[in-house]
Amino acid sequence: MSYEDAGVTHSVFADDLAGREAAFQAKIDAGIAIEPQDWMAEGYRKMLIRQISQHAHSEIIGQLPEGGWITRAPSLERKAILLAKVQDEAGHGLYLYGAAETLGVSREQLIAELHDGKSKYSSIFNYPVLTWADVGAIGWLVDGAAIINQTSLCRCSYGPYARAMVRICKEESFHQRQGYDVMWRLCQGTEKQKAMAQEALDRWWWPCLMMFGPADADSVHSMQSMAWKIKIHSNDALRQRMVDQTVPQAEYLGLRVPDPDLRWNPARDHYDFGAIDWHEFHRVIAGEGPCNHERLATRVRAAEEGAWFREALAAYAEKQSGAECRNEVKR
Ligand code: 3HC
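A quick note: this is a predicted structure, and the numbers were derived from the prediction, not measured.

Definitions and limits used
Residues numbered from 1 in each chain as written. Predicted model: local features only at pLDDT ≥ 70, side-chain atom pairs only at ≥ 80, totals over all residues. Heavy atoms only, no water. Salt bridge = Lys/Arg side-chain N within 4 Å of Asp/Glu carboxyl O. Helix = DSSP H or I, 4+ residues; strand = E, 2+ residues; numbered from the N terminus. Buried < 20%, exposed > 50% of the residue type's maximum accessible area, 1.4 Å probe, protein only. Phe/Tyr/Trp six-rings, centres within 6.5 Å; stacked < 30°, edge-to-face > 60°.

Here's the deal with the pattern of salt bridges
Following the criterion strictly, the structure yields 17 salt bridges and no others. When the shortest N-O distance is used, the salt bridge between Lys85 and Glu89 registers 2.8 Å. Of this pair, Lys85 and Glu89 are both found in helix α4 (residues 76-101), four residues apart, which corresponds to roughly one turn of the helix. Like Lys85, the residue Glu89 is buried in the burial classification. Where Asp143 meets Lys85, a salt bridge forms, and the shortest distance between an N and an O atom there is 3.1 Å. With a gap of 58 residues between them, Asp143 in helix α6 (residues 132-153) and Lys85 in helix α4 connect regions that are remote in the sequence. A single burial state applies to Asp143 and to Lys85, both of which are buried. Several salt bridges share partner residues, and in doing so they unite Glu66, Lys85, Glu89 and Asp143 into one network.

See below:
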């Protein structure tokens, strides 16, 4: 029976919804985690699906840039480390797709939206990995940026997302350390190796700062996301944390951060840094980065070529569960 049939007027329905939304916001303001079975505002659910699915896509597509270097790692030790890291990223994607599915969407639907270009993944994965130093820079800078963003998300108001972040952050720390170790070894090596490390920092520094999203003033989602405690810190606050944390690390390596405007500002107790090229950022997230087409085509091809395997697994699982039901009935 609809509200109208029950003689309930629209205003009562609206009052009821307003009351539920007020109670929902009060729960978030009180720091109480929202769980899948709880009532939640539809906009909250949609914003979580948007962000968590894009985060999951980023993890899966994030495997591609480094994956191409597993066979070219300079030693068996480095090959094993990189293999473990790339495998971790697959697991991160699975945790996050799992967290998104608690919001009533299917993994297949989310992946179809990625393949159709309706859903984004992180801009950073649209840059080429040209040298072994890039693999170090990705671990040190990209995973370093991810840790800063993800430790903040550990306090997100949505329970499944926050809990997925706790485990992911533990593994990200290993990712960042192994990347920094690659850079440190190169900087202790020959002049040519140190120059390769500097050239990688030159290419990855600014795209890594773009990972945190547009400036706060241009962020369409931040205000609502922070009101719902999905986003705990703003884009600019986390970006500043990345700069403050990373500059001393670069100095320790003996590398120069490619920003002529970078300087410590004692009055702010932070580094001042130069302007980000937002035209490049918007070009890359619009699909016109150096590797966008290649990355997405690789993912679509992998999904198509792996369809038979997924179907076989599903058929086997269905057969197994059928057999278990028949045994159950016999008992
Ligand atoms: N790349 C691609 N799109 C980006 C972006 C980036 N770096 N930064 C922002 N955007 C998009 C947003 O998705 C949004 O587009 P949409 O409306 O189509 O979704 C638009 O730009 C406006 O940006 P907002 O700041 O308003 O959007 P958000 O409030 O969602 O903030 C965010 C952007 C900070 C990236 C936030 O979504 C977030 O924290 N996401 C979770 C973390 C994440 O996705 N990290 C990606 C890297 S994962 C990684 O590095 C894994 C590691 O193991 C390698």
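Structural notes on the packing of aromatic side chains
With the rule as written, the count across this model stands at ten aromatic pairs. Both rings, one in Tyr44 and one in Tyr158, keep their centres 6.5 Å apart while their planes meet at 75 degrees; by these two values the pair is edge-to-face. Linking Tyr44 in helix α2 (residues 42-61) with Tyr158 in the loop between α6 and α7 (159-187), this pair joins segments that are 114 residues apart in sequence. Judged on exposure class, the residue Tyr44 and its partner Tyr158 are both buried. Seen in terms of ring centroids, Tyr44 and Trp228 are 5.8 Å apart; in terms of plane orientation they differ by 90 degrees. Their pairing is edge-to-face.

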